[in-house]
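Examining the three-dimensional arrangement
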Amino acid sequence: MAPMGIRLSPLGVAVFCLLGVGVIYHLYAGVISSRLAAFRQRRKVDLRDLLAVSVEAAVLGGKEVKKVREENGLKEKSKGKTKEGANELLTLGDLQSHRKMYNLIRNTFPEVVVNSEEHDDLVDKAATWSRDIPADILDKIEGGRNVPAESITVWIDPLDATQEYTENLVKYVTTMVCVAVEGKPVIGVIHQPFTGSTAWAFVGQGSNMHARSSYSISPPNVIVSRSHSGKVKNFIHDAFGNSTTITAAGGAGYKVLSLLETPARETGSIEQADVYIHITFIKKWDICAGAALLNALGGHMTTLKGENIDYSGEPLNKGGLVASVGVDHKAIVEKLPSWDPEKH
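Residues numbered from 1 in each chain as written. Predicted model: local features only at pLDDT ≥ 70, side-chain atom pairs only at ≥ 80, totals over all residues. Heavy atoms only, no water.

The α-helix winds at 3.6 residues per turn, so residues separated by three or four positions along the chain end up facing the same way. A rise of 1.5 Å per residue sets the reference length of helix α2 (residues 47-70), with its 24 residues, at 34 Å; its end C-alpha atoms lie 34 Å apart and thus fit the reference within 8%. Burial runs high along α2: 18 of the 24 residues are buried. The N-cap residue of α2 is Asp 46: its side-chain oxygen and the backbone nitrogen of Arg 48 are 2.9 Å apart. Once α2 finishes, Asn 72 follows within two positions and takes phi at roughly 55 degrees, a positive value. (Helix = DSSP H or I, 4+ residues; strand = E, 2+ residues; numbered from the N terminus. Expected span 1.5 Å × (residues − 1). Buried < 20%, exposed > 50% of the residue type's maximum accessible area, 1.4 Å probe, protein only. Polar contact = N/O pair within 3.5 Å; in protein donor to acceptor, adjacent residues only side chain to side chain.)

Written out as structure tokens, the structure is:
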């Protein structure tokens, strides 16, 4: 109906009605949009629950890794080559572990971004959280630390040290979960399938691990990757001197554990190191959990230039890394020679 005092032709009436419908539609759409935005903002995740799920996922994945290895049914194949020319292997252990870990976390927290080293189309809706929170987590970690779901990125490594896994060097093998909030590592879980040990940490809250009572940096014992121990040798000797001990090992998770106090029942199974250095590209699912563990214990994991690593966005860290705890991390970084991982 036209406003009083105004006469409209039939065409004008039609236009007027259409305009009214348009106004109503836009008002309605605006209300719906604002309500959806408010709903998204209200979605919160309790990080203690996410820690418990992460531990459960790492242990479940580890069971698959161990089972496949013991049955000798690896079915390994190459996914391609690394920048250094080494084969990137995929085994049935990687795949089965990924399925357990990824589906458990996604089913429990469907609104959270989960990045895995492996990819698979299998959807397992039966993978559900037991709702159990381990006693040591209940003892050390307070509940109610809620953060917006959209601020969380989860990184999972279903089988770290796949090359060593195929060689049956199983002490290097781990399964890992990391929770980053706004790009910062907050929760880290490193599980050793063949010993049954699980290291976890929640930055600012607590951990079941400890730094050792003493470390040396003059010179340090430096742990590096078996895959490029030749390249890194001169780099480390330039930094700390020719008397520096260099230990080559597999798996980024294992290397972080080598910096920490080793449980008595595992004495001898993990080499002890003072510093962990990697001078080439490395993926964030390899290092995020270790970064959280070290940060929780007062340590650091940075690029070779001493820069913090952002654990959101794309998975490749191009700056290399240096990791330590219980020592002056800045002093270590300052000793490192100039090095550009993108040119090597």
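Here the focus is the environment of Gly 62. Looking at the element boundaries, Gly 62 is found in helix α2. Taking relative accessible area as the criterion, Gly 62 reaches 1% and is therefore assigned buried. Every residue in contact with Gly 62, bar those within four places of it in the chain, is listed here: Ser 97, Thr 175, His 191 and Pro 193. (Contact = heavy atoms within 4.5 Å.)

The next point concerns the side chain of Thr 91. Inspection of the secondary structure puts Thr 91 in the loop between β3 (87-90) and α3 (92-108). A distance of 3.2 Å separates the side chain of Thr 91 from the backbone nitrogen of Gly 93, its partner in a polar contact. Beyond its immediate sequence surroundings of up to four residues, Thr 91 is in contact with Leu 74, Lys 75, Glu 76, Leu 159, Thr 162, Tyr 165 and Thr 166.

Here we take up the state of the cysteines. In total, this model carries one disulfide according to the counting rule given. Sulfur-sulfur distance for the disulfide between Cys 178 and Cys 288 comes to 2.0 Å. Because the torsion about its S-S bond is -45 degrees, the bridge between Cys 178 and Cys 288 counts as left-handed. Within this pair, whereas Cys 178 is found in strand β7 (residues 174-181), its partner Cys 288 is found in helix α8 (residues 284-296), the two being separated by 110 residues in sequence. Each member of the pair, Cys 178 together with Cys 288, is buried. (Disulfide = S-S within 2.5 Å.)

Turning our eyes to something else, we now look at the UniProt feature "binding site: Mg(2+)" (unreviewed entry) in the protein chain. Listed under "binding site: Mg(2+)" (unreviewed entry) in the UniProt record, and renumbered for this structure, are Glu 117, Asp 157, Leu 159, Asp 160 and Asp 286. A maximum C-alpha distance of 9.5 Å among these annotated residues, which run over 170 residues, shows that they cluster at one spot. Tracing the backbone through its elements, the reader meets Asp 157 in strand β6 (residues 152-160). Excluding residues that lie within four positions of it along the chain, Asp 157 makes contacts with Met 101, Glu 117, Thr 174, Thr 175, Met 176, Trp 285 and Asp 286. (UniProt positions renumbered as here; feature names shortened; annotations may be inferred.)

Applying the stated criterion across every chain, the model contains five salt bridges. Between Asp 120 and Arg 99 there is a salt bridge, with its nearest N and O atoms 2.8 Å apart. With Asp 120 in the loop between β4 (113-116) and α4 (135-140) and Arg 99 in helix α3, this residue pair connects regions lying 21 residues apart in the sequence. On the accessibility criterion, Asp 120 (25% relative accessible area) is partly exposed. Look at Arg 99 and you get partly exposed, because its relative accessible area is 22%. (Salt bridge = Lys/Arg side-chain N within 4 Å of Asp/Glu carboxyl O.)

What follows covers the sheet that holds strand β15 (residues 300-302). Spatially, β12-β11-β13-β17-β15 is the arrangement adopted by the five strands of the open sheet, whose pairing is mixed. Pairing within the sheet leaves two strands with one partner each, and these edge strands are β12 (245-249) and β15. This sheet shows a mean twist of 20 degrees between the axes of neighbouring strands, independent of strand direction. Two elements, strand β11 (residues 221-225) and β12, share five bridges in a ladder whose sense is parallel. Within β12, the position partnered with Ile 223 by the bridge is Thr 247. Those strands touched by α8 are β15 and β17 (321-324), and its axis lies near 140 degrees from that of β15. (Pairing = 2+ DSSP bridges. Axes fitted to C-alpha atoms, helices over the stretch in contact; angles between N-to-C directions.)

Attention shifts here to α3. In a regular helix each residue adds 1.5 Å, so 17 residues correspond to 24 Å; α3 covers 24 Å between its end C-alpha atoms and thus fits that length. If you check which residues of α3 are buried, you get Gly 93, Asp 94, Leu 95, Ser 97, His 98, Met 101, Asn 103, Leu 104 and Ile 105.

Bringing the packing of aromatic side chains into the picture now. Overall, the coordinates contain three aromatic pairs when judged by the stated rule. With a centroid separation of 6.1 Å and an interplanar angle of 50 degrees, the aromatic rings of Trp 155 and Trp 285 are classed as tilted. Placement of the pair is Trp 155 in strand β6 and Trp 285 in helix α8, with a sequence separation of 130 residues. When sorted by exposure, Trp 155 lands in the same class as Trp 285, which is buried. Ring plane angle 85 degrees and centroid distance 4.8 Å describe the contact between Tyr 172 and Tyr 254, whose orientation is recorded as edge-to-face. You can see Tyr 172 sitting in the loop between α5 (162-166) and β7 and its partner Tyr 254 sitting in helix α7 (residues 252-257), a full 82 residues away along the chain. Look at Tyr 172 and you get buried, because its relative accessible area is 8%. The ring of Tyr 165 has Arg 69 sitting right over it, with the charged end atom 6.0 Å from the ring centre. (Phe/Tyr/Trp six-rings, centres within 6.5 Å; stacked < 30°, edge-to-face > 60°. Lys NZ or Arg CZ within 6 Å of the ring centre and 35° of its normal.)

Strand order across the open sheet formed by six strands is β4-β6-β7-β8-β9-β10, with mixed pairing between neighbours. Looking at which strands have only one partner, the edges of the open sheet turn out to be β4 and β10 (206-207). Note: β7 against strand β8 (residues 184-192), seven bridges, orientation antiparallel. Within β8, the residue paired with Val 177 across the bridge is Val 189. Sheet contacts for α2: β6, β7, β8 and β9 (197-202); angle to β7, the most-contacted strand, approximately 160 degrees. Against the sheet, α8 contacts β4, β6, β7, β8, β9 and β10, and its axis sits at roughly 105 degrees relative to β8.

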